[in-house]
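So the chains spell out like this:
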Amino acid sequence: MKATFNDYFGKSLGKGANSPVTLGLFGYVALTVVNGSILLHQRHKLIIPWYWYTLLAFLDVQANYLVNSAYYFTSSTSVALLDSSSVAWVILFTWIFLGTKYSLWQLFGVALCVAGFCLVLVSDDEASDEGGSNPLLGDILVTGAEVFFALSYVGEEFCVKNNGRLEVLTMLGLFGMLLSVIEIAILERKNLEAVTWSAELILTFVGYTVGFFMFYTLTPLILQKSGATLFNLSLLTANMWVVVIRIFFYHEQVDWLYYVSFSIVGVGLCIYSKNEKNSDRLQEPENGIFNTRYQLVQE
């Protein structure tokens, strides 16, 4: 699904739709309508205050805006390379905010995943002539996006492990939608007025929205069971699924390094998940910050 995002966004770029926030808007709407309907039917009362969800949605919207904007300035290879940095940020933030402890074997598994992913990018870079109008700016945008994504995933992990998925998806969709509308009015109104809409462009937006909805719906399941770090490691395989798309849909030839790197990433994921601590990730850290905060939320 991550590969689907990149593929459809690349198509929208080619059709002149300079609207990174608008792309995500419809996905947030879908999350709100589907999950919000269930939440209202159950007459569920919010456990976590709305302002925490506003912060979570803000981080997510900005992350999507920055990474989508980066495609205008740098190559998709550079975006994919810097996208892998989210793993390091997630490890840092889960250690700081959630008190997560990592073993040497887990860190070794992370290193294997990143190494395997870099092999893909080496092969991709040699075989591609794509560039960008301002690579440095694009790289800065991606780096900022990964910090926001990491904070968002860590916050989402905390919420779903303490409160379940339905409320989190509904509130993330609702506040993501509201924040997106505000940013579109400020940043993209003129761009949207200049877009020449066509059936093909509309289908591109529809495809992105479907992928967005599926990705965000399944994300809490992984975060709840395995945590933000394993989730981000799994995302490293996104570029490799692009290979599958190239082979079976576009009948393109791919370098042998793809198969080697896919195997290395798979081994790294197995090592990490096998050595993942059995203890609860959300045990009270030494400073007790998150435990106290959640007690206040429950009140």
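About the cut-offs
Residues numbered from 1 in each chain as written. Predicted model: local features only at pLDDT ≥ 70, side-chain atom pairs only at ≥ 80, totals over all residues. Heavy atoms only, no water. Helix = DSSP H or I, 4+ residues; strand = E, 2+ residues; numbered from the N terminus. Buried < 20%, exposed > 50% of the residue type's maximum accessible area, 1.4 Å probe, protein only. Contact = heavy atoms within 4.5 Å. Phe/Tyr/Trp six-rings, centres within 6.5 Å; stacked < 30°, edge-to-face > 60°. pLDDT = per-residue confidence, 0-100. Polar contact = N/O pair within 3.5 Å; in protein donor to acceptor, adjacent residues only side chain to side chain. Salt bridge = Lys/Arg side-chain N within 4 Å of Asp/Glu carboxyl O. Core = buried A, V, L, I, M, F, W, Y, C linked by side-chain atoms within 4.5 Å. Axes fitted to C-alpha atoms, helices over the stretch in contact; angles between N-to-C directions. Parallel < 35°, antiparallel > 145°, perpendicular 65-115°, else oblique. Left-handed = near helix turned anticlockwise from the far one by under 90°. Nonpolar A, V, L, I, M, F, W, Y, C, P; charged D, E, K, R; others polar. Expected span 1.5 Å × (residues − 1).

### Regarding the environment of Tyr65
Then step 1. One can find Tyr65 in helix H3 (residues 50-70).
Then step 2. Looking at Tyr65, the relative accessible area reads 23%, which means it is partly exposed.
Then step 3. With 44 residues separating them along the chain, Tyr65 and Val21 place their C-alpha atoms 5.5 Å apart.
Then step 4. When residues no more than four places from it in sequence are discounted, the contact partners of Tyr65 are Pro20, Val21, Glu183, Leu187 and Glu188.

### Focus: the packing of aromatic side chains
Any two aromatic rings considered together are summarised by their centre-to-centre distance and by the angle between their planes.
Then step 1. Summed over the entire model, instances satisfying the criterion amount to 16 aromatic pairs.
Then step 2. The interplanar angle of 85° and the centroid separation of 6.2 Å between the aromatic rings of Phe26 and Phe205 together place this pair among those described as edge-to-face. Pair noted here: Phe26 is in helix H2 (residues 20-42) and Phe205 is in helix H9 (residues 199-225), with a separation of 179 residues, a long-range link.
Then step 3. The exposure class of Phe26 is partly exposed, given its relative accessible area of 39%.
Then step 4. Exposure remark for Phe205: the relative accessible area of 5% places this residue in the buried category.
Then step 5. Seen in terms of ring centroids, Phe149 and Tyr153 are 5.8 Å apart; in terms of plane orientation they differ by 10°. Their pairing is stacked. Of this pair, Phe149 and Tyr153 both sit in helix H7 (residues 135-163), four residues apart, which is roughly one turn of the helix.
Then step 6. Looking at Phe149, the relative accessible area reads 5%, which means it is buried.
Then step 7. Of the residues examined, Tyr153 reaches a relative accessible area of 5% and is grouped as buried.

### Looking at the confidence of the model for the protein chain
Then step 1. In this model, the protein chain carries a mean pLDDT of 78, and residues with pLDDT of at least 70 account for 73%.
Then step 2. Between the elements of the protein chain, mean pLDDT differs from a low of 40, seen in helix H13 (residues 289-298), to a high of 92, seen in helix H8 (residues 165-194).
Then step 3. Here residues 278-299 scores under 50 on pLDDT; set against residues more than four positions off or in separate chains, the count is 29 contacts.

### Thoughts on the side chain of Thr32
Then step 1. Residue position: Thr32 is located in helix H2.
Then step 2. For Thr32, the side chain forms a polar contact with the main-chain oxygen of Tyr28, separated by 2.8 Å.
Then step 3. Once you skip the residues sitting within four places of it in the chain, Thr32 turns out to touch Ser37, Thr170, Gly173, Leu174 and Met177.

### A closer look at the pattern of salt bridges
Then step 1. With the rule as written, the count across this model stands at two salt bridges.
Then step 2. Residue Lys161 pairs with Glu157 through a salt bridge whose shortest N-O separation is 3.2 Å. A residue pair is termed a helical-turn pair when its members lie 3 or 4 positions apart in one helix, as Lys161 and Glu157 do in helix H7 at four residues.
Then step 3. For Lys161, a relative accessible area of 24% puts it in the partly exposed group.
Then step 4. With relative accessibility at 0%, the residue Glu157 sits in the buried group.
Then step 5. Between Arg189 and Glu193 there is a salt bridge; the shortest N-O distance is 3.7 Å. A residue pair is termed a helical-turn pair when its members lie 3 or 4 positions apart in one helix, as Arg189 and Glu193 do in helix H8 at four residues.

### A closer look at the nonpolar core
Then step 1. Counting 49 residues, the largest nonpolar core has Tyr28, Tyr53, Tyr153 and Tyr216 as the members making the most contacts within it.
Then step 2. Breaking this core down by element, the ones donating at least two residues are H2, H3, helix H5 (86-97), H7, H8, H9 and helix H10 (228-235).
Then step 3. For Tyr216, the contacting residues outside a window of four places in its chain are Tyr28, Leu31, Asp60, Asn64, Phe149, Leu169 and Leu172.
Then step 4. Val110, Cys113, Val265 and Tyr272 belong to the second largest nonpolar core, which has ten residues in total.

### What about the packing of H7 against H10?
The angle between the axes and the distance between the axes are what describe a pair of packed helices.
Then step 1. Two elements in contact, H7 and H10, have axes separated by 9 Å at closest approach and are oriented at 130°. Relative to H10, H7 is oriented oblique. In terms of crossing hand, the pair formed by H7 and H10 is right-handed. Counting all contacts with H7, which are made through Tyr153, Val154 and Glu157, the residues of H10 involved are Ala228, Phe231, Asn232 and Leu235.
Then step 2. Of the residues belonging to the contact of H7 with H10, the class tally is five nonpolar, one polar and one charged.

### Considerations on H2
Then step 1. Given a rise of 1.5 Å per residue, 23 residues ought to cover 33 Å, and the 34 Å separating the end C-alpha atoms of H2 matches this to within 8%.
Then step 2. Positive backbone phi, approximately 55°, marks Arg43, located one or two places after H2.

### A look at the environment of Val160
Then step 1. Among the structural elements, Val160 can be located in helix H7.
Then step 2. With 63 residues separating them in the primary sequence, Val160 and Leu223 have C-alpha atoms 7.5 Å apart.
Then step 3. The residues touching Val160, leaving out its near neighbours within four places in the chain, are Arg165, Val168, Pro220, Leu223 and Gln224.

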